[in-house]
Amino acid sequence: MREPREGTKTDKTSKSASTPLVLDIDDFKGDFSFDALFGNLVNDLLPSFRLEEAELDGGDSLPNGHLRVPSQGVSSPLFPEVDKLLSLFKDSCKELLELRKQIDGRLYSLKKDVSVQDSKHRKTLAELEKGVDGLFGSFARLDSRISSVGQTAAKIGDHLQSADAQRETASQTIELIKYLMEFNSSPGDLMELSPLFSDDSRVAEAASIAQKLRSFAEEDIGRHSIAVPSAVGNATASRGLEVAVANLQEYCNELENRLLSRFDAASQKRELTTMAECAKILSQFNRGTSAMQHYVATRPMFIDVEVMNADSRLVLGDQAAQASPSNVARGLSSLYKEITDTVRKEAATITAVFPSPSEVMSILVQRVLEQRITALLDKLLVKPSLVNLPSMEEGGLLLYLRMLAVAYEKTQELARDLRAVGCGDLDVEGLTESLFSSNKDEYPEYEQASLKQLYKVKIEELRAESQQISDSSGTIGRSKGASIASSQQQISVTVVTEFVRWNEEAVSRCNLFSSQPATLATNVKAVFTCLLDQVSQYIADGLERARDSLTEAANLRERFVLGTNLSRRVAAAAASAAEAAAAAGESSFRSFMVAVQRSGTSVGLIQQYFANSISRLLLPVDGAHAAACEEMATAMSSAEAAAYKGLQQCIETVMAEVERLLSAEQKATDYRSPDDGMAPDHRATNACARVVAYLSRVLESAFTALDGLNKQAFLTELGNRLHKVLLNHWQKFTFNPSGGLRLKRDITEYGEYVRSFNAPSVDEKFELLGIMANVFIVAPESLSTLFEGTPSIRKDAQRFIQLRDDYKSAKLASKLSSLWS
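Residues numbered from 1 in each chain as written. Predicted model: local features only at pLDDT ≥ 70, side-chain atom pairs only at ≥ 80, totals over all residues. Heavy atoms only, no water.

Attention now moves to the overall build of the chain. The helix and strand inventory of the chain stands at 28 helices and 0 strands. The buried share among the 821 residues of the chain stands at 37%. Residue pairs at least 24 apart in sequence account for 77% of intrachain contacts in the chain once pairs closer than 6 positions are excluded. For the chain, the exposed area adds up to about 47,000 Å²; of that, 54% sits on carbon and sulfur atoms. (Helix = DSSP H or I, 4+ residues; strand = E, 2+ residues; numbered from the N terminus. Buried < 20%, exposed > 50% of the residue type's maximum accessible area, 1.4 Å probe, protein only. Contact = heavy atoms within 4.5 Å. Areas by Shrake-Rupley, 256 points an atom, 1.4 Å probe, with all protein chains shown as cover.)

For the rest of this paragraph, the subject is the environment of Gln453. The residue Gln453 is located in helix 14 (residues 443-472) in this model. Assessed through its relative accessible area of 9%, Gln453 is described here as buried. Remark: the alpha-carbon pair of Gln453 and Ser391, spanning 62 residues in sequence, is separated by 9.1 Å. Apart from residues lying up to four places away in sequence, Gln453 is in contact with Leu389, Pro390, Ser391, Met392, Gly396 and Leu397.

A few words now on the nonpolar core. Ranked by internal contacts, the top residues of the largest apolar core, which has 166 residues, are Phe354, Ile606, Val658, Leu699, Phe714 and Trp730. Here this core gets 16 residues from one element, more than from any other, and that element is helix 19 (residues 624-665). Those residues in contact with Leu699 that lie beyond four places of it in its chain are Phe589, Phe714, Leu718, Tyr753 and Phe757. (Core = buried A, V, L, I, M, F, W, Y, C linked by side-chain atoms within 4.5 Å.)

With that out of the way, let us pick up the packing of helix 23 (residues 737-754) against helix 24 (residues 760-772). Between helix 23 and helix 24, the shortest axis-to-axis distance is 9 Å and the interhelical angle comes to 170°. With respect to each other, helix 23 and helix 24 are oriented roughly antiparallel. On helix 24, the residues that touch Lys744, Ile747, Tyr750, Gly751 and Val754 of helix 23 are Val762, Asp763, Phe766, Leu769, Gly770 and Ile771. (Axes fitted to C-alpha atoms, helices over the stretch in contact; angles between N-to-C directions. Parallel < 35°, antiparallel > 145°, perpendicular 65-115°, else oblique.)

In this model, Arg270 sits at a positive phi of 60°, which is unusual for a non-glycine residue. Phi angles above zero are rare outside glycine, and Asn758 is one such case at about 55°. One can find Asn758 in the loop between helix 23 and helix 24. Using a relative accessible area of 60% as the deciding quantity, one classes Asn758 as exposed.

Looking now at a nonpolar patch on the surface. Among the surface-exposed residues, Leu135, Phe139, Leu142 and Ile146 lie close enough to one another that they form a single nonpolar patch of about 400 Å² accessible area. Secondary-structure assignment places Ile146 in helix 2 (residues 82-183). (Patch = residues over 30% accessible without salt bridge, like charges linked within 9 Å, V, L, I, M, F, W, Y side chains within 5 Å. Salt bridge = Lys/Arg side-chain N within 4 Å of Asp/Glu carboxyl O.)

All told, the structure shown has 19 aromatic pairs when counted by the stated rule. When the ring of Phe263 is compared with that of Phe354, the centres are 5.8 Å apart and the planes differ by 50°; the resulting orientation is tilted. Highlighted residues: Phe263 in helix 4 (residues 232-269) and Phe354 in the loop between helix 9 (325-353) and helix 10 (357-380), separated in sequence by 91 residues. Each of the two residues, Phe263 as well as Phe354, counts as buried. A connected cluster of aromatic rings, assembled from ring pairs, spans Tyr671, Phe733, Phe735, Phe776 and Phe800. (Phe/Tyr/Trp six-rings, centres within 6.5 Å; stacked < 30°, edge-to-face > 60°.)

With that settled, the discussion passes to the pattern of salt bridges. Enumeration according to the criterion identifies 27 salt bridges in this entry. Taking the shortest distance from any N to any O, the salt bridge between Lys440 and Glu433 comes out at 2.5 Å. Salt bridges here are not isolated pairs; linked through shared partners, they connect Arg402, Glu447, Glu505 and Arg509.

This next bit is on the side chain of Ser514. Position of Ser514 relative to the elements: it lies in the loop between helix 16 (493-513) and helix 17 (517-559). Within polar-contact distance, the side chain of Ser514 engages the side chain of Asn523 at 2.9 Å. Residues in contact with Ser514, not counting those within four places in the same chain, are Thr519, Leu520 and Asn523. (Polar contact = N/O pair within 3.5 Å; in protein donor to acceptor, adjacent residues only side chain to side chain.)

Turning our attention to the confidence of the model for the chain. Averaged over the chain, the pLDDT score is 80; the fraction of residues at 70 or greater is 74%. Note on residues 59-75: pLDDT is under 50 here. Beyond four places in sequence and across chains, it has 14 contacts. Considering only residues more than four positions removed or in separate chains, one finds that residues 226-238, a stretch of pLDDT under 50, has 3 contacts. (pLDDT = per-residue confidence, 0-100.)

Below, the discussion takes up helix 20 (residues 686-698). One turn of an α-helix holds 3.6 residues; hence residues three or four places apart share an orientation. Across its 13 residues, helix 20 extends 18 Å between first and last C-alpha, which sits within 8% of the 18 Å expected from 1.5 Å per residue. If you check which residues of helix 20 are buried, you get Ala687, Cys688, Val691, Val692, Tyr694, Leu695 and Val698. Buried residues along helix 20 cover an arc of 160° about the axis, so they all sit on one side. (Expected span 1.5 Å × (residues − 1). Arc of directions from axis to C-beta.)

Attention now moves to the packing of helix 10 against helix 11 (residues 396-421). Two elements in contact, helix 10 and helix 11, have axes separated by 12 Å at closest approach and are oriented at 165°. If you check the angle between helix 10 and helix 11, you find them roughly antiparallel. In this structure, helix 10 crosses over helix 11, and the sense of that crossing is right-handed. Residues Met361, Val365, Leu369, Ile373, Leu377 and Leu380 of helix 10 lie in contact with helix 11, whose contacting residues are Met403, Ala407, Thr411, Leu414, Leu418 and Val421. Partitioned by chemical class, the residues of the contact of helix 10 with helix 11 number 11 nonpolar, 1 polar and no charged. (Left-handed = near helix turned anticlockwise from the far one by under 90°. Nonpolar A, V, L, I, M, F, W, Y, C, P; charged D, E, K, R; others polar.)

Moving on: the side chain of Asn439. Take Asn439: it is sitting in helix 13 (residues 437-441). Ignoring sequence-local partners within four residues, the contact set of Asn439 consists of Leu381, Lys383, Tyr400 and Leu404.

Across all of its chains, the model carries 0 disulfides by this definition. Just so you know, Cys510 is unpaired, no disulfide at all, and the nearest cysteine sulfur is the one on Cys530, 9.8 Å from it. (Disulfide = S-S within 2.5 Å.)

What follows is the structure, given as structure tokens:
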């Protein structure tokens, strides 16, 4: 619907309802919508008609847009212009149909044009694809052609390069042949050579050419010498080349000497540039070995004799025979530091001069170790003879071993320092090991011989001290002096500790010299075996000496046994001597117990040392640890045997004194007191008190010296022997009831004391003794009931009943006959 454009509005009031609605095709272009069309019709035209009708009817209208209907009269139509609108809609519909036809015609034309253009486009695309395929084929042919041309060009270039190289080689060969002809003159004639070979400014070029000529000539001679000569020409050529080779060798030697002289002169002036030039040229002769060796050989440390003497003075001092390991260690540290600093300075020069500095460093370090260090070690490590050992005043074998350890350790440190400075491909550690190979091969024998020497000297020293004490005690008396001397030879834990300290030092050297676990285990086992032998021998000898004092005390007791028919004076003298013998026995008992205690401490020290230091070195090798344990047990068996014999003698000594005290102190009236109406004495007898006091005094050392199963076995045996001695002793007396009570008191005293033994079997025996003492107390008619509760004492009780003072008068034998049967 055509309306004013650009946002202008028309005055709706001026429009007439009869205004025709004109549509045109442009109204249907763009975003056409029938809803919008009809909306415009309603919103634009309808209000104008309503307004006109309102004006005509007087303006009465409803708020909802409808006209107000009069209450009376005929109402006017709501849409009076509906006919006009209807005709308008019909006209519009016709126009719309006409427009539709036009639009459909145009759309068909456009569709037909599009179809034609699409077919043309598809045809064009097909032609383009064919053209692109052809283009790709052309490019592939072009690429193949370019590749072929490139390969051809590369081949041509290779041929040209090869031809150029051949031309260059041919040119050089021609030059070499000319030079070779110059050398192919008469032998020794070098006067007609080209200026090249005498010009000092072209020495490098001359050396290179000379080496090439010599190689060519030697190769030709070798080739002809292998082939069978079939023509005179070949033989002649070979002879001619041999002349050239001889002349070339002579010239090379002369040139090499001339370069070495120039190198030496530059070295004296520290002209590193000239030295480097000479070294570079000399590298063409035997890879420069002559220059390297010449440089190393001319170092002051290898040619100055005073340097060698200074090394010896620094390490060994002015008096080499009195050098100590600590002084040698300090001297070696100073010397090796000086050598390392010197090598480090030389390394700086070598790096600046030689094309292959690592090879020169290898030669230098090898020369240092093989010449300078070896010369020093030869003076320091003089092997002593194992047949005629050096005395301990001179240091013995131990001094040599300590010197060897110090030298080896410090030289190993030097090797590591030299490796840090740089020594090329040289196996500096292996070379250092080779310096000590002869010493290490015989090291185990020297170590064992040293330990044996130390032990021998120590034992001789102890014997000398004991002999001095024995000589000084000569006025005291033979027995007492012997006892003092024996006490001075007692086993000393300090001495055993010294043995262990020697062994620890030897094991540390084994660790130092033995790099392989198997070798280390073998050497450590051998060294530890020496310790076992030493401790075993020392303990066994100490226990045997302690046993000698027990034996001497026993001999004294036997000598002063009291007889039956002796005068009072002789008996008193014998009793006094017996007291002295008893004192000697008690002293020897204590001495042996001290020896046993120290032996146990010493063995414990060895076991602890084995567990802490030795076992971990033996475990890596199968069977080594078990073998060492077996050897340790075997070595201590001799000491155990001596200790067992001595403990048996200790029991004999104690029992002999107990028997003496019982015989001397026990009186017949102790167990048969007279019936005088006085109250019975319930105290223990004097003999019992003396025996218990003696046992308490003498066994105190046993309680301290022994422990564990050894202590239990010893005290059990001692308790059993005491029980037997008391039974035999009481068989000598007769008992009345009051004596039985006193006997029971003695048994109680003995039982209370032996309870400290912690031996249940001994306690049981003394308890049975207390029960058995009742046979002296009860009335005769009650004896049979006494054994009903304890049938185990019948055998001993039968003997005890016979000791009753009324045994015969009460006719106990016949009354108890049925009991015994």
